[in-house]
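A closer look at the structure
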Amino acid sequence: MFKKSEIFDVIIIGGGINGAGIARDIAGNGLSVLLLEKDDLAQATSSASTKLIHGGLRYLEYFEFGLVRKALKEREVLLNLAPHIIRPMDFILPHVPSMRPEWMIRMGLFLYDNLGGRKYLGKSRKINLSGEIKGEYKKGYIYQDCWVDDARLVILNAVDAKNNGAVIKVRSNCTNIIAKENLWEVFVNNDDECGYKSRLLINAAGPWVRDIIDDNNLSDKNTPKVRLVKGSHIIVPAIYEGDYSYIFQQEDGRVVFAIPYEKEFTMIGTTDIEFSGNVDDVSIDEFEIDYLCSAVNKFFDEQIDKEKIVHNFSGVRPLFDDEKGDASSVTRDYHIECSDYKNLRIISVFGGKITTYRKLAEEVAEHVGDSLNMKMKKWTANAPLTGGEGGYSKWNEYKKLIIDKYNYLSEDILERMLCQYGKNAEEIIKKRGKLYKCGKIYEGEVRYLIKNEWARSLDDILWRRTKLGLFIKEDELEEIKKDFNIF
Ligand SMILES: Cc1cc2nc3c(=O)[nH]c(=O)nc-3n(C[C@H](O)[C@H](O)[C@H](O)COP(=O)(O)OP(=O)(O)OC[C@H]3O[C@@H](n4cnc5c(N)ncnc54)[C@H](O)[C@@H]3O)c2cc1C
């Protein structure tokens, strides 16, 4: 337990992937860390991504070679650290002659294969698509990237941060920040009596990064701007069989992904729309629904429309504003801004990708070390995230072992739990208690999520710790509500 009067080395505002990744890195470096999140961990952008750990094939067109190389390298680093929540995925790129000439695609894929190096992921190749998708698209290419459970990546980083001594507080909205007696004082939930104190402040508030700066009068003429770009996804019952994804080129030059989702569904996204509304209230609009439906309808016989959508989600990319023209061309690379206010340092994070969060955290840690005059080590590239011990090469073998060991339980549930908790799944299985009537979740798992993963509401459990919201009906939740007094 900690006291509110404790002075932390660092307070981090924001429990998205960047805040959680930074907390893990610097707590592992021995600093005392407090992370404050206004809602749930991964409540905002970090659970609304396309869920790819990827180099970003399309960024090659914008000559972002540095970013693509850094991201490509991270794919296998992260796959090895968390093979339970990250897995390789095949992507099929149908050739659309009117969009990009074949030589350009070949050159792009050649760079993609070679820029970052590969050990586990395969090389791209040409394939015949006859019979796979609509007749006119007869050939294409296949390449590999990785898929990630984005929200769980945040949670696992937070758990590791806690295991390294960090204090994580959810439902803690930073409402006022002052600099007093050489310390930052951060007040939460409008309680202006007593705040949390630290020597250094990290602003990882994602789309709210400028709000933290502006609302507390911390800006100066050099403070970067953030460019908010909304992206939405729709989920429909599976429109094709197979566990590979498609990347479809669109007439506006963009690409839209169709990705297998939770076995029974296809996830389709994303859009790229300049956003100027209230970030707390982001949702998909009719234009995006039409855009995403027609983006895939061109390629499949099975047509989708609004009626088929079972779920959707939207997020806002908090991009570093490099003053480029359209929303798709703004850089996806991150920018770390260090500034001083009354002799106190604040480090603000702009932009970035889920894929590069670990590198970003390493760079922030370096700045923290410089600011606090401490030597920081780079330790996260070889330290598995909780549950991922053993690495990628041993993962499938371990999964099979556990599924065989508990063969009297539902294989679907076992597989889901293994892909969420990795090596921690067995502990939950052993203490599982009763299976709820929905047949999808045990009492022990709910208990585990509340005790170990900061779950405070049903939404936290159904949409971020798991994706069971897709499968469990409202009236099937009564027992859980009663047992845990959770809503
Ligand atoms: C549609 C879309 C698709 C994407 N797809 C990919 C992809 O496939 N691969 C990839 O690598 N990247 C992808 N990205 C980018 C990636 O999702 C983001 O870069 C990343 O999630 C940003 O993380 P963050 O921690 O900076 O922000 P967030 O996840 O938004 O976290 C910021 C947190 O700060 C909290 N906060 C804000 N204000 C306060 C306050 N006052 N007090 C306390 N807490 C506060 C918020 O509640 C929030 O949880 C995508 C983004 C979008 C929008």
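One structure accompanies this document, and this report is about it. (Residues numbered from 1 in each chain as written. Predicted model: local features only at pLDDT ≥ 70, side-chain atom pairs only at ≥ 80, totals over all residues. Heavy atoms only, no water.)

Topic: the site of the ligand
Lining the immediate surroundings of the ligand are 37 residues, of which E37, T45, S46, G352 and T355 lie closest. Residue N18 places a side-chain N or O atom 2.9 Å away from an oxygen atom belonging to the ligand. Between an oxygen atom of the ligand and a side-chain N or O atom of E37, the distance comes to 2.7 Å. For the ligand, whose accessible area on its own is 1000 Å², the fraction buried by protein is 97%. (Near = heavy atom within 4 Å. Polar contact = N/O pair within 3.5 Å; in protein donor to acceptor, adjacent residues only side chain to side chain. Areas by Shrake-Rupley, 256 points an atom, 1.4 Å probe, with all protein chains shown as cover.)

With respect to the pairing of strand 14 (residues 265-269)
Burial analysis of strand 14 places five of its five residues in the buried class, the great majority of the element. Side chains of strand 14 alternate between two faces, with F265, M267 and G269 and T266 and I268 buried alike. The pairing of strand 11 (residues 226-237) with strand 14 spans five bridges and is antiparallel. Bridging across to strand 14, H233 finds its partner in G269. The sheet contact formed by strand 13 (residues 255-261) and strand 14 spans five bridges and is antiparallel. (Buried < 20%, exposed > 50% of the residue type's maximum accessible area, 1.4 Å probe, protein only. Helix = DSSP H or I, 4+ residues; strand = E, 2+ residues; numbered from the N terminus. Pairing = 2+ DSSP bridges.)

Overview of unusual backbone geometry
Put simply, G269 and T270 share a cis peptide bond, and its omega is 15°. You can see T270 is positioned in the loop between strand 14 and strand 15 (273-274). A positive phi angle, near 60°, is found at N190, a position not held by glycine. Tracing the backbone shows N190 in the loop between strand 9 (183-188) and strand 10 (196-203). By relative accessible area, which is 62% here, N190 ends up exposed. Phi is positive for N373, close to 60°, though the residue is something other than glycine. Mapped onto the elements, N373 comes out in the loop between helix 7 (357-372) and helix 8 (395-405).

It is worth stressing that arrangement in space is one thing and function is another; only the former is reported here.
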